[in-house]
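Chain residues, written in single-letter form:
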Amino acid sequence: MPNPPDTEPPPRRQGRRSRAAFEAYAMLAPSILGFAVFLIAPIVIVVVLSFYDWNLLSDPEFIGLENYRELAGDERALKSIGNTFYYVLLNIPAQTVLALLLALALNSKIKARNTFRVLYVLPWMAMPVALGVIWRWVFDPQYGALNRFLDLFGVDGAAWLTDSSWAMPVIASVNVWQYTGYTMLFFLAGLQAIPAQLYEAADVDGASPLYRFFAITLPLLRPAMLFVLITSVIGSFQVFDTIHVMTAGGPAGSTATLNYQIYLESFTQRNAGYASMLAVVLFAIIALITLAQAALFRKRTTYDFS
Amino acid sequence: MYKTRTAALAALALALPAALAACSGDDGGPVTLRYAFWDDNQRPALEAMIEAFNEEHPDIEVELEQNPWEDYWAGLDSRFAAEEAPDVFWNHVSRFPTYAANGVLLPITDDIEDDGVDPAIYPENLYESWQYEGEQYGLPKDWDSIALVYRLDALEAAGIDPATVNDLEWNPVDGGTYVEFLQKLTVDANGNNALSPDFDPENVVQYGTAMSSNTGQTDWWNYAVQNGCSLQTEPWGDYAIDAPECVEAIQFTADLYNKWHVAVPAESTNQPNGGVPGDYVVPGQAATTLDGSWMLSFYRDGLEPGSWAVADNPSGPVGSGTVINGLSNAIYAGTDHPDEAWELVKFLGSEEAQSISTGMGSVWPGISSLNQGFADYWAGEGIDVTGFQTAAEGTTTGYPLSMNDAAFGTAAMDEFNQVWLGQKDAQEAAEAVVAIANAE
Amino acid sequence: MKKIPLYLVLIMGALVSVGPYLLTLNAAFKSKQEILTSEPWALPANPIFSNFGEVWSRYDFATFVVNSVIVAVAVTIGQLVFSTLAAYAFARLDFPGRDQLFWAYIATLMVPQIVTLVPTFIIVRELGLVDTHVGLIMPFVFGFLMPYGVFLVRQYFKTIPSSIEDAARIDGAGTFTILWRVMIPMAKPILGTLAIISFVNTWNNLLWPLIITHSESTRVITRGIAQMQSQFNQEYHLILAASTMALLPLVAVFLVFQRHIVRSIALSGMK
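In this text, all values refer to a predicted model and were calculated from it rather than measured experimentally. (Residues numbered from 1 in each chain as written. Chains lettered and ligands numbered in written order. Predicted model: local features only at pLDDT ≥ 70, side-chain atom pairs only at ≥ 80, totals over all residues. Heavy atoms only, no water.)

Caption draft 1: Here's a closer look at the overall build of chain C. Looking only at helices and strands, chain C has 14 helices and zero strands in total. When its C-alpha atoms are laid out on the principal axes, chain C stretches across 70 × 65 × 30 Å. Among the 271 residues that make up chain C, the fraction classed as buried is 60%. The contacts of chain C with a sequence gap of at least 6 include a subset with a gap of at least 24, amounting to 73%. Per element, the accessible surface of chain C, about 10,500 Å² overall, is 69% carbon and sulfur. (Helix = DSSP H or I, 4+ residues; strand = E, 2+ residues; numbered from the N terminus. Buried < 20%, exposed > 50% of the residue type's maximum accessible area, 1.4 Å probe, protein only. Contact = heavy atoms within 4.5 Å. Areas by Shrake-Rupley, 256 points an atom, 1.4 Å probe, with all protein chains shown as cover.)

Caption draft 2: How the structure looks around the interface of chain B and chain A. Chain B puts 28 residues into the contact, and the matching count from chain A is 28 residues. Applying the counting rule to chain B against chain A returns two salt bridges. Note that arginine 270 of chain A is salt-bridged to aspartate 77 of chain B, the shortest N-O span being 2.8 Å. The tally of links from chain B across to chain A stands at eight residue pairs in polar contact (both at pLDDT 80 or more). Mapped onto the side of chain B that touches chain A, the elements with two or more residues apiece are α3 (69–81), α4 (96–101), α11 (266–269) and α18 (405–420) of chain B. The leading source of residues in the side of chain B that touches chain A is α3 of chain B, at six residues. Class assignment for the residues of the side of chain B that touches chain A results in 12 nonpolar, 10 polar and six charged. (Salt bridge = Lys/Arg side-chain N within 4 Å of Asp/Glu carboxyl O. Polar contact = N/O pair within 3.5 Å; in protein donor to acceptor, adjacent residues only side chain to side chain. Nonpolar A, V, L, I, M, F, W, Y, C, P; charged D, E, K, R; others polar.)

Caption draft 3: Highlighting the interface of chain A and chain C. With 90 residues of chain A in contact, the opposing surface of chain C contributes 100 residues. Looking at the side of chain A facing chain C, the largest losses of area belong to Met27, Phe38 and Trp137 of chain A, adding up to 11% of the total buried there. On inspection of chain A and its partner chain C, the count reaches 13 residue pairs in polar contact (both at pLDDT 80 or more). With 23 residues, the single largest contributor to the side of chain A that touches chain C is helix α1 (residues 10–49) of chain A. Counted by class, the side of chain A that touches chain C contains 68 nonpolar, 11 polar and 11 charged residues. (Buried area = accessible area lost by both parts, 1.4 Å probe.)

Caption draft 4: Representation of the packing of aromatic side chains within the structure. All chains considered together, the criterion is met by 67 aromatic pairs over all chains. Between tryptophan 143 of chain B and tryptophan 364 of chain B the ring centres are 4.9 Å apart and the planes differ by 20°, which places this aromatic pair in the stacked class. Remark: tryptophan 364 of chain B occurs in strand β15 (residues 364–365) and tryptophan 143 of chain B occurs in strand β7 (residues 142–143); sequence separation between them is 221 residues. Accessibility assignment for this pair places tryptophan 143 of chain B and tryptophan 364 of chain B in one class, buried. Against the face of tryptophan 90 of chain B rests lysine 141 of chain B, its NZ or CZ located 4.3 Å from the ring centre. Sitting over the face of the ring of phenylalanine 102 of chain C, arginine 154 of chain C holds its NZ or CZ atom 4.1 Å from the ring centroid. (Phe/Tyr/Trp six-rings, centres within 6.5 Å; stacked < 30°, edge-to-face > 60°. Lys NZ or Arg CZ within 6 Å of the ring centre and 35° of its normal.)

Caption draft 5: Seen up close, the nonpolar core. Counting residues in hydrophobic clusters, the biggest one holds 190 residues, and the most contacted among them are Met125, Phe139, Met184, Phe187 and Met246 of chain A together with Phe157 and Trp208 of chain C. In this structure, Trp130, Ile250, Ile367 and Val419 of chain B belong to the second largest nonpolar core, which totals 107 residues. (Core = buried A, V, L, I, M, F, W, Y, C linked by side-chain atoms within 4.5 Å.)

Shape descriptors only; they carry no functional weight alone.
The structure is reproduced here in structure tokens:
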């Protein structure tokens, strides 16, 4: 019996494609509409505003590149960029390393893994506004838990939130506290995806734990690492609530990240046009860093990003 | 023929509701006004005044919107930006120039004339502070000044006679009787006060005073006025706090923290983290403070009656003195109900309304003749508040009027926070603030 | 036996993690005086419940809670519906401009919320939704949180083998049927994750409600807490009681969903 002829004529295939496209657009319609109105439109407005001077009260005034030129001489804004990088450097390595170590610990054979996991992820839920008060209470120089605790050991606690050298490290550690558990979950998932045979093979060859970690675990964790680093770096550029309730950018502007500076310029100093320019700059910085991270990792990972 | 008639009827049918809608916008039907404010302590007084207002105007509903001071101006500004602001709102002298210059306030000059409101019932300087380019933008709602609030039990424990509190003097060199007074009230865990050689500054249980203000209104501005400093060259002019008299006063404030150790440490009180002065006096951390008359109910609610009192400010080298301020009720220029909003503002500026609020001891009234009512209320609570009036009659300076108040406020807080911590020199800080604030 | 140091470290870490919650809960039962005079970790000598009552009566706390619940639930449902639809389209359907559009979604993840506040406010005002619940909800569903939701679910859909769908198609099922009958049941873990992420992020958000609502009838918990903080700066007993009440619902919701989250993150393909 000869094979039946090929019964998929080209027109039908095209028809299927356009039907799929129609269905796709139908499914996407609400999301795209919302995306256009509530994300794209505001972003476009912000970019346009960056070329204007606007004090929120009168009409915006077109001033071309003036805002961008002013940035070079604006100490506060430049300092806030520095503060942002300082914050990211304090926050991300600590958070990532701790999360990884935790994941390794909870992936091993210990009791009460579930309980520990829940306890470590709980901080993620915390409402920054409510937590801010609690942290200010904990860090209060006279009545706070931290200094009282240090007193027990005879150590003189610093004026954590009113001292410009300590304020930013305190904010960073609050953030590490909040997100380490959540980050750990992603590493845990990545660890559990590593096939056990690889470790067994290494054991047969008599490999040391350190070797196992650097030769097997770390390389195979690259996809998880990429995801974690990209999302947590983006997240830390956008920190707002914690700073707003704990220090409002002080003392002496030491905790004003670029994101917070945008808020201050917009609402305290009433320079909405200038703030928009800063927002464009912030986005550019985030985009560059994200692309750099993706490029760095992409060469050596098979993680499918599309 | 039919079609034309039908069309004409249809057009009429459509036009009629539209015409009615256009008419009803101005009269008929209840109107709701939104009234924004920040001090929750004054809510009971506001509610009482609104109740009285509704007796004459039952079809004007007033909805209160409270936002704490920290968020009040950001919220207001974003609403101006979106052209969707409350109809009536509390206005403050620091923001008034910018708002008036940008046209977000409704002028009420004509309304005042048409309705025969008599400006003479208000203190002249208070009334004039709400004028801009010949137009009136508000009626005085209240006035306030700063005076010395103290705990009687602390004075008793230190063996100080309350009668002496009204005559304290200070000078930048050795502090004078004022600093001595504060030193007697600064006590360590062993019972030694700051004058004693055994005094342990690491273990203080009670400080003489507490200072906490992000602008300076309840601390160094008062010392500045008492030292002959004018915060500005002239109203609407440049900030001039780098003048020698001003820097001396700033240095004196810093010395209270770092030289004589009579103030609750700046690490605790520096804004925005620290509390208000009353937060330190009420639990007993500080024995006295300079505080504003709007905070009286805070002390009344937190302290036992009879345990605290109000005295005159100390005198500096030039004399006694303080900062006078006042709020007004302003109308948003873009309000949909200008007439109703004026009715509310007119009422709130009237004797009837303000006597309600003085009767509750809320704030000193905008209308001078009603001051006695306020004093009587507090006398009934056992507190003699004439200290605030004495302060107001001494050398006074108005709250600085400037378009750059935002820049000044941020710069002053940041720079002087460092001075209070002993990390920056007073002259340097003052010059930095002036450079930033006068920049635009 | 040699695991003991590990357990010790883990226990100390866990204490640090939940420490602030416990301290808050502990203090909420103390009187104002006791908070100032006792050590923060000391148990209350005479536990009192009146702090909670005082917060409820002095403030319209009930209204705040109701508003927060309405907004958070609405946003969660909205996200589940619209983001899932979009995620499926991106994951499985082939149409022109798919990849570019998806990258556009991802790119907006890098735009901080603060930046789009005033423009979004202006847009919401044009829609006449200032100071309304709908005005609170829409930008969350379609703006701030949406790209992340779409990204998350789409990645998850991509890990489900297409053989199941192909089998369903051969049986004659249409796209929507496949989505509803096949994909969504298999995606329960990630949907659970999306639900909790949406709920938590909306519940905890301060900025948008700060700008868009003014009257007290639409005030949410985050604003209520912020309001309380500035009114009662050192009245820690009230603030901590209020904070406890703000934190507890989230903790409860999390404990219910936590297994979903962990499983879905594991399954969402860290490959």
